[in-house]
Amino acid sequence: MQSLRACLRSFLLGWTLKFSCSSHFFIAAMQPSTNWHLKENARDHHTSKFSSKELIVRRGQAFTVTFNGTEQPEQNLTFIAETGPKPSKLAKTQATFGISSTVSKESWSAVLQSTSSNSVSISISSPPNAVIGRYKLSVQTTSIGSSSPASLGTFVLLFNPWSSGDDVFMPNKAECEEYVLEEFGIIFAGNKNHINSFGWNFGQFQGDILNICLSMMDRSLNYRQDPATDVSHRNDPKYLGRVLSAMVNANDDQGVLLGNWSGNYEGGKSPSSWTGSGEILQNWKKSGFKPVRYGQCWVFAAVLTTVLRCLGIPTRTITNFSSAHDADGNLRVDEFYDASGNHLDRAADSIWNFHVWNESWFSRSDLGPSYSGWQVLDATPQEESGGIYQCGPASRNAIKEGDVDLDYDCPFVFAEVNADCMYWNYDTATGKKTLMFSKSTVIGQFISTKAVGKDDRVDVTNDYKYEEGSTKERDIFKKARKKLGLEDKFDPTAPTPQEIDQKPDISGKFKVAGPLEVGKDLNLVLVLANLQSDAKTVHINTTAWSTVYTRRPVHEIWKDSISVTLSPREEKQFPIKISYTEYQQQLTTDNTIQVTALCHVEGGIQVLVQRDITLDNPALDIQVLGEAKVNKEVDVEVLFTNPIDTEVMDCVLQVEGNDLLKGILEIETTGTPIFKLCSTKYFCWEINKQSPETIRWC
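Notes on the structure in this doc start here. (Residues numbered from 1 in each chain as written. Predicted model: local features only at pLDDT ≥ 70, side-chain atom pairs only at ≥ 80, totals over all residues. Heavy atoms only, no water.)

1. Side note on the sheet that holds strand E5 (residues 94-100)
- Read across the sheet, 9 strands follow the order E1-E3-E7-E6-E5-E4-E8-E9-E2 without closing on themselves; strand pairing throughout is mixed. In this open sheet, the two edge strands, each paired with only one partner strand, are strand E1 (34-35) and strand E2 (55-58).
- With 5 bridges joining them, strand E3 (residues 63-67) and strand E7 (residues 120-125) adopt antiparallel strand pairing. Its bridge partner being in E7, Thr64 is matched across the sheet by Ser123. (Pairing = 2+ DSSP bridges. Helix = DSSP H or I, 4+ residues; strand = E, 2+ residues; numbered from the N terminus.)

2. A few points about the packing of helix H4 (residues 209-218) against helix H8 (residues 277-286)
- For the pair H4 and H8, the least separation of the axes is 10 Å and the interaxial angle reads 60 degrees. Classed by the angle they form, the pair H4 and H8 counts as oblique. As for the relative orientation of H4 and H8, their crossing is left-handed in sense. Of the residues in H8, those touching H4 at Ile209, Ile212 and Met216 are Gly278, Leu281, Gln282, Trp284 and Lys285. (Axes fitted to C-alpha atoms, helices over the stretch in contact; angles between N-to-C directions. Parallel < 35°, antiparallel > 145°, perpendicular 65-115°, else oblique. Left-handed = near helix turned anticlockwise from the far one by under 90°. Contact = heavy atoms within 4.5 Å.)

3. Section: the sheet that holds strand E25 (residues 522-530)
- Here 3 strands make up an open sheet; going across it, the order is E24-E25-E28 and the pairing antiparallel. Edge positions in the sheet fall to strand E24 (506-512) and strand E28 (571-578), since each has one partner strand and no second. Along the sheet, successive strands turn relative to each other by an average axial angle of 20 degrees, direction set aside.
- Taken together, the 7 bridges between E24 and E25 define a ladder with antiparallel strand orientation.

4. Digging into the nonpolar core
- Judged by nonpolar contacts, the single largest core of 62 residues is most densely connected at Trp200, Leu210, Met216, Ile280, Trp298 and Leu311.
- At 12 residues, helix H9 (residues 297-311) tops the list of elements feeding residues into this core.
- In this structure, this core is formed jointly by two domains, domain 1 (34-158) and domain 2 (173-484), each of which donates at least three residues.
- Leaving out residues up to four positions away in the same chain, Ile280 has contacts with Trp200, Val256, Leu257, Trp274, Val292, Val299 and Val303.
- Formed by 35 residues, the second largest nonpolar core is a distinct cluster that contains Val376, Ile476, Ala480 and Leu608. (Core = buried A, V, L, I, M, F, W, Y, C linked by side-chain atoms within 4.5 Å. Buried < 20%, exposed > 50% of the residue type's maximum accessible area, 1.4 Å probe, protein only. Domains from an automatic or database assignment.)

5. Details of the packing of H8 against H9
- Remark: H8 packs on H9, axes separated minimally by 9 Å, with the N-to-C direction vectors making an angle of 85 degrees. Considering the angle they form, H8 stands roughly perpendicular to H9. Residues Ser277, Ile280 and Leu281 of H8 form the contact with H9, whose own contacting residues are Val299, Ala302, Val303 and Thr306.
- Counted by class, the contact of H8 with H9 contains 5 nonpolar, 2 polar and no charged residues. (Nonpolar A, V, L, I, M, F, W, Y, C, P; charged D, E, K, R; others polar.)

6. Overview of helix H3 (residues 173-181)
- What H3 keeps buried is the set Cys176, Glu178, Tyr179, Val180 and Leu181.
- Elements that come into contact with the buried residues of H3 comprise E2, H9, strand E14 (315-325), strand E18 (373-377) and strand E22 (445-450).

7. Here we look at helix H7 (residues 237-247)
- With 11 of 11 residues buried, H7 is to be regarded as a mostly interior element.
- Here H7 has its buried residues at Pro237, Lys238, Tyr239, Leu240, Gly241, Arg242, Val243, Leu244, Ser245, Ala246 and Met247.

8. Some details on the state of the cysteines
- Evaluated as defined, the whole model comprises 0 disulfides.
- Considering cysteine sulfurs only, Cys310 is the nearest to Cys213, which forms no disulfide, with 3.9 Å between them.
- What makes Cys213 buried here is its relative accessible area of 0%.
- Residue classification places Cys310 among the buried positions, given a relative accessible area of 0%. (Disulfide = S-S within 2.5 Å.)

9. Quick word on unusual backbone geometry
- The linkage connecting Arg293 with the following residue, Tyr294, adopts the cis geometry, with an omega of 10 degrees.
- Among the structural elements, Tyr294 can be located in strand E13 (residues 292-295).
- Following Gly392, the chain continues to Pro393 via a peptide bond in cis, the omega torsion being 0 degrees.
- Here Pro393 lies in the loop between E18 and strand E19 (394-395).
- In this structure, Gln254 takes a positive phi of about 55 degrees despite not being glycine.
- Assignment of secondary structure puts Gln254 in the loop between H7 and strand E12 (257-259).
- By relative accessible area, which is 45% here, Gln254 ends up partly exposed.

10. As for the packing of aromatic side chains
- Here the structure, examined in full by the defined rule, presents 27 aromatic pairs.
- Their ring planes at 85 degrees and their centres at 5.6 Å tell us that Trp352 and Tyr549 sit as a pair that is edge-to-face. Pair noted here: Trp352 is in strand E17 (residues 350-362) and Tyr549 is in the loop between strand E26 (536-547) and strand E27 (553-566), with a separation of 197 residues, a long-range link. Comparing Trp352 with Tyr549 shows no difference in burial state: the two are buried. (Phe/Tyr/Trp six-rings, centres within 6.5 Å; stacked < 30°, edge-to-face > 60°.)

11. Things to note about the pattern of salt bridges
- Inspection of every chain in the model, using the stated rule, returns 28 salt bridges.
- The salt bridge partner of Asp366 is Arg364, with a shortest N-O separation of 2.9 Å.
- Among the residues examined, Asp366 registers a relative accessible area of 35% and is labelled partly exposed.
- Take Arg364: its relative accessible area is 1%, and that puts it in the buried class.
- Salt bridges sharing common partners tie together Arg316, Glu359, Arg396 and Asp463. (Salt bridge = Lys/Arg side-chain N within 4 Å of Asp/Glu carboxyl O.)

Shown next as structure tokens:
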């Protein structure tokens, strides 16, 4: 009788062999055979783009599993779903549930779909606030004695922006497609006067990316300090967003990317040479999770976009032009110039030509519904938060309303888009500084992101602040200062009211008078206007420096000094030409030049005129030769024309495209590569480029 009972219990657990039982015959149980219905579940859960043989589903939504078993299991089966190193019901990392007649919205549940003589189909649902990650699913029989759970296998549970109960629920389906499923994006760069863009391959569904993202969570400081508690918090997108903003940079935790803004990228790759996140994340894994060299803000933001979209959190990149880095938290940035007009790199504060961060979409139950929606996350290591380099999530609504006392890092983000600027003349001999002027309308311009379903730029500046210079905007700025206790606090570095009230006698600006292209001479015009009814003598010191995009000076390119007299109300123009040969060897990979004119007005205050220039690289012309059809090879022609009268050596063409490039590459003796578009592959090759020819790859 005992052996018969053992046989029956084993059958309920799901044998994969036919057998017969008697009172004297016993066969050891085997693991159940599980059909995860990968194709159907992936379609229903918007996970079809993952290239995985493991079930990947989203929380708060049912998925179907079939395994071999008995015809009437509803009174006999208990399921166990668990994740993390120490699964616990209390921590909600373990769930035990039986067969029920209806789906529960508050807990894990299983509903019988169908049975046959040797299989059972079950619809399993997780709650919309379930912990995300890799789960083990087991089944246990309970009707005849006791039994050990039999493993059905593993599956991965992700956030679900298509489920109304999920914190990341996004009601607009087109936005879900863009911010979760879209693998290719556009990132904006340049400066406020000259916005350009480039493509980026996020590749969140490539090969091993999901496993790398799951490994990333398990390598965080939080996990290393307390694994069980860390995993239990992975139901919360604001928690995970903050943790991953720290993990994408390598400053504290051997994370993914090491930042480098020096202009010297020896021992790694120039940040501007990356074209996608996949290679970076794969390199991180292949190296044994050693930081990849090197990244700058758009690379950090792009990689974080990949990771968060992969896990199911709607995410996009945001570019802020004239972005403030307020190191001391006083909502003010200070810039210093010497008497010759050189921009001095002596302040902790800075104003970047542009800065790229992330917005992720989720609710903020900790703050209230008015602060839900887009949340700012920033993986670029700028300032510590909570003792490590992480930033956010900061509610975008909180930033606009000046609610800088709310979690997380709202003062820093507020300053990035709305700090006031102070421009000082600094005497390097005496250490004395003199305020030249202040501006409240410089910071946070043309805040940009990619349009949904199109490659167009969308301006979201008004989502971060009220109209620049308006009474409302100034009131919000004062509100933010008051919340930070800055309103009545004495600041010995602040300008005096007399300094702020000073009015200049002249005004000035730089106008561009030619193409802004690498290889071409840079032609500008300095325009000065006398604002007074009497003549003014002006001594002008003009300089041009190559910079990185953070506007840190790197090499002096050119300088000049002149003295002029401006008649009453007169405007004069002074042409400036900086030849390609003058800037060629000094230009950084960011292609940025800062031109400054410091105007010393006799009997008046000094006037600073400055402009940041971004030079465009020569364009690549890409032509598809013939008709492109799915699963059919197509030839693509890429043309590059050398714009200068000098031979250019060791050119590199980088090509990347999901499910397009197989990597069949032949280099002819002429240096002309041949490639065909088939499946995913990233590669580059070296050629010699003669002037003034046009190279053609096809």
